[in-house]
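# Per-entry structural report
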Amino acid sequence: MEKYAVPNKLPAEEISILAQRKARIKRDIAQYVRKPLPENRKKKFCKPELFIADYRKAERDTMRIKRNFLKTGVQLKDEGVEHGRLILVFRHRGKFISNKEVMHILAKLGLPYKRRAVLLKLTEGVHAMLKMVEPWIIWGYPNVGTVRELVYKYGLFKPEQGEKGPKKIPIASNKQVEEKFGHLGIICVEDLLHELLTVGKNFDKVTKILHTFELRSPVDGWKTARKGKLRSLGGEAGFRGDEINDFFKRLL
């Protein structure tokens, strides 16, 4: 019967993509389930000085945006930037940001929380938003290895509308991918990676279902560079081009 078998056919049963990931998924599955808040939870007291400091930071951010963008227009003249390419954006700072304009832009980019990464297609509109929130993000062009590691290690699906259960579903098999994207001709993780890396015609539909990648701080820390200072001025923030792959080696 083996000689009549169809070559390269996906098996019917569920197969794990990374065997070493099974234990971690089982161990961490509880964190993807919404837990009820304790009834006798204590409220944290905040000093008035903290509110004043947050207000001053928000005021400075508003002045920076108006000074750099709203008066002179968005200057999209970064060297090495090519529109239409795949970019990887990582929000590395700003657990709480008082400025509502900045928070709105970060949420629109898919980065409402700190230490999150997202894959985007670089357009003029996306580039303009990245420039406005540049002190809070690091972005550049990912290579095949970086995207592959992100999807295999930290890939999560959003639940469908009205679907009950965990808020985030780890990508653990080709069967899951086929159920989500089979109607788009994507039946395995390699097809999913190809669609992301080539920024294919179904890129927006795929990224809409993929959850943001939840990462940690670099293994060796941030060293002596200031996180909120732009890369061009000796800091960590801003555009890195292909150098972002070296940075993500420290994250992954």
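Presented here is a report on the structure given in the accompanying data block. (Residues numbered from 1 in each chain as written. Predicted model: local features only at pLDDT ≥ 70, side-chain atom pairs only at ≥ 80, totals over all residues. Heavy atoms only, no water.)

### What to know about the overall build of the chain
Within the chain, the regular secondary structure consists of 9 helices and 7 strands. In the chain, which comprises 252 residues, the share counted as buried stands at 38%. In the chain, the share of contacts with a sequence separation of at least 24, taken over all contacts with a separation of at least 6, comes to 73%. Summing over all exposed atoms, the chain offers an accessible surface of approximately 16500 Å²; the carbon and sulfur share of this is 53%. (Helix = DSSP H or I, 4+ residues; strand = E, 2+ residues; numbered from the N terminus. Buried < 20%, exposed > 50% of the residue type's maximum accessible area, 1.4 Å probe, protein only. Contact = heavy atoms within 4.5 Å. Areas by Shrake-Rupley, 256 points an atom, 1.4 Å probe, with all protein chains shown as cover.)

### Examining the nonpolar core
In summary, soluble globular proteins display a tendency toward joint burial of nonpolar side chains. Grouped together as the largest cluster of nonpolar side chains are 32 residues, with contacts concentrated most on Val-151, Leu-192 and Phe-248. For this core, the secondary structure elements donating two or more residues are β1 (86-91), β2 (116-121), α5 (144-154), α6 (174-181), α7 (189-197), α8 (203-209) and α9 (244-251). Setting aside its immediate chain neighbours within four residues, Val-151 contacts Ile-171, Val-189, Leu-192, Leu-193, Leu-196 and Phe-213. (Core = buried A, V, L, I, M, F, W, Y, C linked by side-chain atoms within 4.5 Å.)

### Topic: the packing of α5 against α7
Their axes nearest at 11 Å, the elements α5 and α7 cross at an angle of 130°. By the angle between their directions, the pair α5 and α7 is classed as oblique. Viewed along their axes, α5 and α7 form a crossing whose handedness is right-handed. On α7, the residues touching Val-144, Val-147, Arg-148, Val-151 and Tyr-152 of α5 are Val-189, Glu-190, Leu-192, Leu-193, Leu-196 and Leu-197. Classifying every residue of the contact of α5 with α7 gives 9 nonpolar, no polar and 2 charged. (Axes fitted to C-alpha atoms, helices over the stretch in contact; angles between N-to-C directions. Parallel < 35°, antiparallel > 145°, perpendicular 65-115°, else oblique. Left-handed = near helix turned anticlockwise from the far one by under 90°. Nonpolar A, V, L, I, M, F, W, Y, C, P; charged D, E, K, R; others polar.)

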